[in-house]
Each structure stands twice: as C-alpha cells, then as structure tokens.
Amino acid sequence: MVAYVIAESEHLDTEDVRRYRKLAAASIERHGGRYLARGVTPSVREGEWAAKNRMVIIEFASIDEAHAWYDSDEYQAALASRSTPPRRRMLFVDGVATTS
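This text gives an overview of the structure that appears in the document. (Residues numbered from 1 in each chain as written. Predicted model: local features only at pLDDT ≥ 70, side-chain atom pairs only at ≥ 80, totals over all residues. Heavy atoms only, no water.)

Following the criterion strictly, the structure yields seven salt bridges and no others. Lys-52 is the salt-bridge partner of Glu-10, the closest N and O atoms lying 3.8 Å from each other. Taken as a pair, Glu-10 in strand E1 (residues 3-10) and Lys-52 in the loop between strand E2 (34-40) and strand E3 (53-60) lie far apart in primary sequence, 42 residues in all. Using a relative accessible area of 24% as the deciding quantity, one classes Glu-10 as partly exposed. Classification of Lys-52 as partly exposed rests on a relative accessible area of 44%. The closest approach of N and O atoms between Glu-74 and Arg-30, which form a salt bridge, is 3.7 Å. In this pair, Glu-74 is assigned in helix H3 (residues 73-80) and Arg-30 in helix H1 (residues 15-30), connecting sequence segments 44 residues apart. Of the residues examined, Glu-74 reaches a relative accessible area of 30% and is grouped as partly exposed. Judged by its relative accessible area of 53%, Arg-30 is exposed. Each of Glu-10, Lys-52 and Arg-87 takes part in salt bridges that share partners, so that together they form one network. (Salt bridge = Lys/Arg side-chain N within 4 Å of Asp/Glu carboxyl O. Helix = DSSP H or I, 4+ residues; strand = E, 2+ residues; numbered from the N terminus. Buried < 20%, exposed > 50% of the residue type's maximum accessible area, 1.4 Å probe, protein only.)

Read these as layout, nothing more, since geometry by itself doesn't imply function.
The following block contains the structure:
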C-alpha cells in the first residue's frame, strides 16, 4: 500500500537550504519516492496556514520505504547539510487500500 510523507515548513531561500533541497531530492529518487507536490502554498479552506509556509507531498511504495528513506545515510546527510535545523512538521501516513 502506498504511503505519503507530508511536510510543512517555513519557506527559506538560502544557500544551505538550496543544497538541502538538491540532496533531499536525490535521496528521494534513489529510494523510489516521487514528489506529488513540492514547495507549494495550499489554498486554505478551513483552519489557518502561515503565509510563509510551504507544503511538500512525497509518495513512496510503502510506509516502510518512506521510513527507510528518512533513516537513510543520504537523507541524513541532506539534513546535516543545513546550518540550522528546519522548522517544520513532517507526517508519514499510509494511503488507502484500493480494490481491483
């Protein structure tokens, strides 16, 4: 069953954030993930959303693969490339099983 990584973070455009994005994207691809939405500002219909925040949605083949990507040396290196830790929320969720 597919799984999704959903991240909300403050939008910053610094050299180390650009480096992180490049390394993170490469690690996602190597681990079989694909972006469904990347760096977008959602249209908010209920609740609140900080105007400076962006959203990323990544699809993986399973929740185990999503966790393996996050725990991978490649992604941990991407995180370590930032001079300050990201201020964000990151969620891992299973998709809905479909029947044929």
